[in-house]
Amino acid sequence: MADNRPIGIYDSGMGGLTVWREVRRALPAESLVYLGDGKNCPYGSRPRAEVGRLADEAVGRLSALGCKLVVVACNTATAAAIDALRSKYADLPIVGMEPAVKPACLTTRSRVVGVLATERSLDGDLFRRTAARYGRDIEVLTVPGRGFVELVENDREHTPEAVACVGAAIRGMLERGADRIVLGCTHYPFLLDALRKAAAGCDVTFVDPSPAVARRVAELLDRFGLRAEAGRVPHYAFETFADEAYRLRLERKAWQE
Ligand code: DGL
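What comes next concerns the included structure. (Residues numbered from 1 in each chain as written. Predicted model: local features only at pLDDT ≥ 70, side-chain atom pairs only at ≥ 80, totals over all residues. Heavy atoms only, no water.)

**Looking at the site of the ligand**
Lining the immediate surroundings of the ligand are 14 residues, of which Ser12, Tyr43, Gly44, Thr76 and His187 lie closest. Within the side chain of aspartate 11, an N or O atom sits 3.0 Å from a nitrogen atom of the ligand. A distance of 2.9 Å is found between an oxygen atom of the ligand and a backbone nitrogen or oxygen belonging to threonine 186. Coverage of the ligand by the protein amounts to 99% of the 290 Å² it exposes when considered alone. The class makeup of the residues in the shell around the ligand is 6 nonpolar, 7 polar and 1 charged. (Near = heavy atom within 4 Å. Polar contact = N/O pair within 3.5 Å; in protein donor to acceptor, adjacent residues only side chain to side chain. Areas by Shrake-Rupley, 256 points an atom, 1.4 Å probe, with all protein chains shown as cover. Nonpolar A, V, L, I, M, F, W, Y, C, P; charged D, E, K, R; others polar.)

Shown next, in the form of structure tokens:
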């Protein structure tokens, strides 16, 4: 039996749209409800308890909208709240963001890996555990992406200001010889052009975990028998805790390549 209820995807703002794009590509028959908080963005330097409360409110809303599975497409909310969310919404499969430290550590040749993420994600347990597990004998350099989220939220990712901002953050990593830089915040893939320009001439690969998250969603749909009918025309909805103007911006940004 097919299950045509939507998949919910949530982030503090527009960043989770990078995950939304991958899920849409990987699962074209699935309807999606995207919830970009917008009102409380950025989460990155808010206290953990506050991020937990906001994530709870968001997942509650997606559950009330009838979602069959929820993706917390926000590393910061995942680090702060994934365990609490999974125990509160025990009947709802919830997929969180994994910092892509593992694939970066498995493929680095220079044995220097950089990680860009928000301050809150970098001081979380999830990140520390993953780095300790896969980062042995590898130098893992972490840098908070200060100002990155604001560039994306203000549609300024393709500006010289963006290249200068991301360039300042990655300079130290590149100087140490990092050949893998993990994008540990879902907003950051929007800055890939700026990152590539800032790293021009360096042999470095930026690692985005969102395709792996989309594969995990597909696995869980199969495991719980939740796939939509094959060939079905999906419906895409956009929700926010901010105003209608922000909701429309989310929708527009979702379709921007
Ligand atoms: N996009 C989010 C993340 O993956 C949060 C960014 C923010 O609100 O600071 O961490």
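**Brief notes about the pattern of salt bridges**
Summed over all chains, the structure comprises 18 salt bridges. Note that glutamate 219 is salt-bridged to arginine 216, the shortest N-O span being 2.9 Å. Note that glutamate 219 and arginine 216 are positioned in helix 10 (residues 210–223) at a spacing of 3 residues, about one turn of the helix. The class of glutamate 219 is partly exposed, set by a relative accessible area of 45%. Relative accessible area serves as the criterion here: at 34%, arginine 216 is assigned to the partly exposed category. The partner of glutamate 244 in a salt bridge is arginine 247, and the shortest N-O contact between them spans 2.9 Å. (Salt bridge = Lys/Arg side-chain N within 4 Å of Asp/Glu carboxyl O. Helix = DSSP H or I, 4+ residues; strand = E, 2+ residues; numbered from the N terminus. Buried < 20%, exposed > 50% of the residue type's maximum accessible area, 1.4 Å probe, protein only.)

**Digging into the sheet that holds strand 4 (residues 94–95)**
Hydrogen bonds between backbone atoms are what pair the strands of a sheet, whose relative direction is either parallel or antiparallel. The sheet built from 5 strands is open, its strands ordered 4-3-1-2-9 with parallel pairing. Strands at the two margins of the open sheet, each flanked by one partner only, are strand 4 and strand 9 (236–240). Bridge count for strand 1 (residues 7–11) against strand 3 (residues 69–72) is 4 bridges, and the pairing is parallel. Bridging across to strand 3, isoleucine 9 finds its partner in valine 71. Contacting strand 1, strand 2 (32–36), strand 3 and strand 9, helix 1 (residues 17–26) crosses the sheet at an angle of about 175 degrees to strand 2. Sheet contacts for helix 11 (residues 244–255): strand 2 and strand 9; angle to strand 9, the most-contacted strand, approximately 140 degrees. (Pairing = 2+ DSSP bridges. Contact = heavy atoms within 4.5 Å. Axes fitted to C-alpha atoms, helices over the stretch in contact; angles between N-to-C directions.)

Honestly, it's all geometry; don't read function into it.
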